[in-house]
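Here is what each chain is made of, one letter per residue.
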Amino acid sequence: MPVGPDGWFEGGKAIKVEGGIKARSRRGRIGEEWWSRRFIDILEGICDKGRLERGRRYARAGQVLDLDLEPGRVRSRVQGSRTEPYQVEIKIPVYEPEAWTRVEEALADQAVFRAKLLAGEMPIQILAVFDDLGLPLFPTDLDMSCTCPDWGFPCKHLSAVLYLLAEAFDDDPFRVLAWRGRQRDDLLAALRGPVTDEPPADPLDVPDRPLTVDNFYEPATSLAKLKELPGGASAPPELLLRVLDPPKVRVRHIPLVDLLRPLYRGLGDDQPS
């Protein structure tokens, strides 16, 4: 049974919790998305693997009672073998508003970042944006504390909270940014740009104009300017006789049309040229 530096004992089985937060992963690794896996990789690189393994068992058993994330801080209560749950706190530096302004300007300059973040996605290339500004997204130095008597780092209670925090990042990648001090709504509002009072112009909105018809009965061109088209062939004088059905009339056994045709031609010859 391990003894802490202050003489406390931390042994025995943990008290079973009803309604605690349980890790979704029942075996193997914890964390599904690239951002939660990056966080876990950092933890496994700086923390004792044996203690992390015990923390995974605590996380899967539901020993964590709650998980409260706010800018720069995560608070939690973890039920151990004692009646009173242990108080866990994990702190990281929060970036100042000026630093976040630089981040938002860099993200807004890239259409792919703006589009994916507005759609609720976290592109992996965002890491390079933070690194180029000297503002790493994921912390490599965690200020962690637990009220348990275990003097190891991190204790299984802290480890359990860290793994559940990774799963919380799975559910909402904007929690990673909120931990660094920027809430989702504030970030997305900055990426959308300033809000204007006037709505954007509708390209299909055509102003109504009354239909007016002026001088409807007046010719567009003066009749005096109309001239006979050159080279046009004149109609034969007896055209009307050709078009109409011939009357069934005969004069001395001669069809009337045959008698009228010479007369129509004669009228055409009398017209001035």
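Residues numbered from 1 in each chain as written. Predicted model: local features only at pLDDT ≥ 70, side-chain atom pairs only at ≥ 80, totals over all residues. Heavy atoms only, no water.

Draft legend 1. Summary view of the pattern of salt bridges. Taken as a whole and judged by the stated rule, the model has 15 salt bridges. D41 is the salt-bridge partner of R37, the closest N and O atoms lying 3.5 Å from each other. With R37 and D41 both in helix α1 (residues 34–46), this residue pair falls four residues apart, about one helical turn. With a relative accessible area of 14%, R37 lands in the buried category. (Salt bridge = Lys/Arg side-chain N within 4 Å of Asp/Glu carboxyl O. Helix = DSSP H or I, 4+ residues; strand = E, 2+ residues; numbered from the N terminus. Buried < 20%, exposed > 50% of the residue type's maximum accessible area, 1.4 Å probe, protein only.)

Draft legend 2. Structural view of the nonpolar core. Core analysis: the biggest nonpolar cluster contains 54 residues, and F39, I90, L107 and W179 have the highest contact counts within it. A total of nine residues in this core trace back to one element, the largest contributor, which is helix α6 (residues 156–171). (Core = buried A, V, L, I, M, F, W, Y, C linked by side-chain atoms within 4.5 Å.)

Draft legend 3. Broad picture of the sheet that holds strand β3 (residues 86–91). Across the sheet, four strands lie side by side as β1-β2-β3-β4; this open sheet has antiparallel pairing. Each edge of the open sheet carries a strand with a single partner, namely β1 (64–70) and β4 (143–146). Across the sheet, the mean angle separating the axes of adjacent strands is 10° when strand polarity is ignored. The strands that α6 touches are β1, β2 (73–78), β3 and β4; relative to β1, the one it contacts most, it runs at about 60°. (Pairing = 2+ DSSP bridges. Axes fitted to C-alpha atoms, helices over the stretch in contact; angles between N-to-C directions. Contact = heavy atoms within 4.5 Å.)

Draft legend 4. Quick peek at the packing of helix α4 (residues 111–118) against helix α8 (residues 184–192). Relative to each other, α4 and α8 sit at 135°, their axes nearing to 10 Å. Accordingly, the angle class assigned to the pair α4 and α8 is oblique. The hand of the α4/α8 crossing is left-handed. Seen from α4, the contacting residues are R114, L117 and L118; seen from α8, they are L188, L191 and R192. Split by residue class, the contact of α4 with α8 holds four nonpolar, no polar and two charged. (Parallel < 35°, antiparallel > 145°, perpendicular 65-115°, else oblique. Left-handed = near helix turned anticlockwise from the far one by under 90°. Nonpolar A, V, L, I, M, F, W, Y, C, P; charged D, E, K, R; others polar.)

Draft legend 5. Inspection of helix α2 (residues 49–61) at higher detail. For α2, which comprises 13 residues, the first-to-last C-alpha distance of 18 Å matches the rise-based estimate of 18 Å (1.5 Å per residue) to within 8%. Those residues of α2 that sit buried are R51, L52, G55, R56, Y58, A59 and R60. Buried residues along α2 sit against α1, β2 and α6. A distance of 3.1 Å separates the backbone nitrogen of G50 from a side-chain oxygen at the start of α2, and that oxygen is part of D48. The positive-phi residue at the C-terminal boundary of α2 is G62, with phi of around 80°. (Expected span 1.5 Å × (residues − 1). Polar contact = N/O pair within 3.5 Å; in protein donor to acceptor, adjacent residues only side chain to side chain.)

Draft legend 6. Expanded view of the pairing of β2. The two faces of β2 differ: V74, S76 and V78 on one face are buried, but R73, R75 and R77 on the other face are not. Examined bridge by bridge, β1 and β2 share six bridges and lie antiparallel to one another. Bridged to V64 within β2 is V78. The turn joining β1 and β2, which pair antiparallel and follow one another in sequence, is formed by two residues; a positive phi near 80° is taken by G72. Here β2 runs beside β3; their pairing, made up of six bridges, is antiparallel.

Draft legend 7. Focus on the packing of aromatic side chains. As enumerated under the stated definition, the model contains six aromatic pairs in all. Between the aromatic rings of F39 and F169, the centroid separation amounts to 5.4 Å while the plane-to-plane angle is 75°, which identifies the pairing as edge-to-face. Of this pair, F39 sits in helix α1 while F169 sits in helix α6, placing them 130 residues apart in sequence. On the basis of relative accessibility, which here comes to 0%, the residue F39 falls in the buried class. A relative accessible area of 0% means that F169 is categorised as buried. The interplanar angle of 80° and the centroid separation of 6.0 Å between the aromatic rings of F39 and W179 together place this pair among those described as edge-to-face. With F39 in helix α1 and W179 in helix α7 (residues 174–179), this pair connects stretches of sequence that are 140 residues apart. (Phe/Tyr/Trp six-rings, centres within 6.5 Å; stacked < 30°, edge-to-face > 60°.)

Draft legend 8. Spatial organisation of the side chain of S25. As for its placement among the helices and strands, S25 is situated in the segment before α1. Those residues in contact with S25, other than ones at most four positions away along the chain, are I30, R60 and E167.

Draft legend 9. Local environment of the pairing of β4. Of the two faces of β4, only one is covered, namely that formed by M144 and C146; the face formed by D143 and S145 stays uncovered. Direction of pairing for β3 relative to β4: antiparallel, over a ladder of four bridges. The residue of β4 that forms the bridge with V88 is C146.

Draft legend 10. Representation of α1 within the structure. Given a rise of 1.5 Å per residue, 13 residues ought to cover 18 Å, and the 19 Å separating the end C-alpha atoms of α1 matches this to within 8%. Inspection of α1 places W35, S36, R37, F39, I40, I42 and L43 among the buried residues, and these make up the whole buried set. In the core, the buried residues of α1 are packed alongside α2, α6 and α7.

Keep in mind these numbers describe shape, not what the thing actually does.
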